[in-house]
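Chain by chain, the residues run as shown.
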Amino acid sequence: MDFFKYQGTGNDFILIDDRHKTFPATDQAFIEHLCHRRFGIGADGLILLQNDSDYDFRMVYFNADGAEGSMCGNGGRCIVRFAHDLGLFDRETRFIAVDGEHTAIVDEESISLKMSAVSGTEDRDGLTFLNTGSPHVVLFVDDLESLDVVAEGRAIRYSDSFQPGGTNVNYAQVLADDTVFVRTYERGVEDETYSCGTGVTAVALAAHQQLALTDPVAIKTIGGNLRVSFKQSGDGTFDTIYLIGPAKRVFAGSITV
Ligand SMILES: N[C@H](CCC[C@H](N)C(=O)O)C(=O)O
């Protein structure tokens, strides 16, 4: 089976051209095996590109645990780059994903992905919670470098406040130049990832709401830099949200199934 490996600021994915719909999408163990960093290809997730009569393509996302996931922002940027590499569109595209329609614009350096609107943040047992296509907790901290993100994040991810289903957990530190450094414990990967697209989007919106940071918010992650632009209307909802940053093909390969 042929596959392609892409990464968006270090969040890495297996991309499959599944326009003939032959991939065993219900085989969770197989997908988990493909994402395994020692016994498989290795990735934070796996993404199918499928045909759709109303859109340029359909995105189907699976976390590294093999289960179909909610929206993946970095994966969205990677599938746009993949579709462009396949010649499916020239500069702008419209596709459908688990959380609805997305549009994106490709240029040499980066992909600007339009994210779903967000109704606002909520307080969940004293923690800031919002859904940017995936569920996220956002905490602002003073010394992010030294934080044990996996231990702290895992405790919140599995806490009763976020059952059933759990949540992703983002720790953020505002730097001197108003860039926000973000580290994320990602649900379904069950580890810290090098970046999380829906996560940095959640951090940017929370930083605007709680710390008055203005659009576009510059984000630094372990895997690279991203920007998040948005508009907030009077009723507190956020829309016209764009996640902007690089997405690159790393290699192509084939694996025996
Ligand atoms: N693991 C996440 C989905 C992927 C999020 C992340 N990879 C992104 O870039 O948004 C979840 O289960 O909520």
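Everything below is about the structure shown above.
Residues numbered from 1 in each chain as written. Predicted model: local features only at pLDDT ≥ 70, side-chain atom pairs only at ≥ 80, totals over all residues.

1. Details of the overall build of the chain
Part 1: Along the backbone of the chain there are four helices and 17 strands.
Part 2: Computed over its C-alpha atoms, the radius of gyration of the chain comes to 17 Å, within 12% of the 18 Å expected for a compact globule of 257 residues.
Part 3: Taken along its principal axes, the extent of the C-alpha atoms in the chain is 50 × 35 × 30 Å.
Part 4: Taking contacts inside the chain between residues at least 6 apart in sequence as the whole, the part at least 24 apart equals 63%. (Helix = DSSP H or I, 4+ residues; strand = E, 2+ residues; numbered from the N terminus. Rg over C-alpha atoms; globule rule 2.2 N^0.38 Å. Contact = placed C-beta atoms within 7 Å.)

2. So, the environment of Phe 23
Part 1: Inspection of the secondary structure puts Phe 23 in the loop between strand 2 (11–17) and helix 1 (28–35).
Part 2: Owing to 20 C-beta atoms within 10 Å, Phe 23 belongs among the buried residues under this scheme.
Part 3: Considering only alpha carbons, one finds Phe 23 and Met 1, 22 residues apart in sequence, at a separation of 9.1 Å.
Part 4: Setting aside anything within four residues of it in sequence, one finds Phe 23 in contact with Ile 16, Asp 18 and Leu 48. (Buried ≥ 20, exposed ≤ 12 C-beta atoms within 10 Å, placed from the backbone.)

3. A short note on the nonpolar core
Part 1: Ranked by internal contacts, the top residues of the largest apolar core, which has 64 residues, are Leu 15, Leu 46 and Val 203.
Part 2: It is helix 4 (residues 197–211) that provides the largest number of residues to this core, a total of seven residues.
Part 3: For this core, the two domains that each supply at least three residues are domain 1 (2–113 + 247–254) and domain 2 (122–245).
Part 4: Aside from chain neighbours lying at most four places away, what touches Leu 46 is Phe 13, Ile 14, Ile 16, Ile 31, Leu 34, Cys 35 and Phe 62. (Core = buried A, V, L, I, M, F, W, Y, C linked by C-beta atoms within 7 Å. Domains from an automatic or database assignment.)

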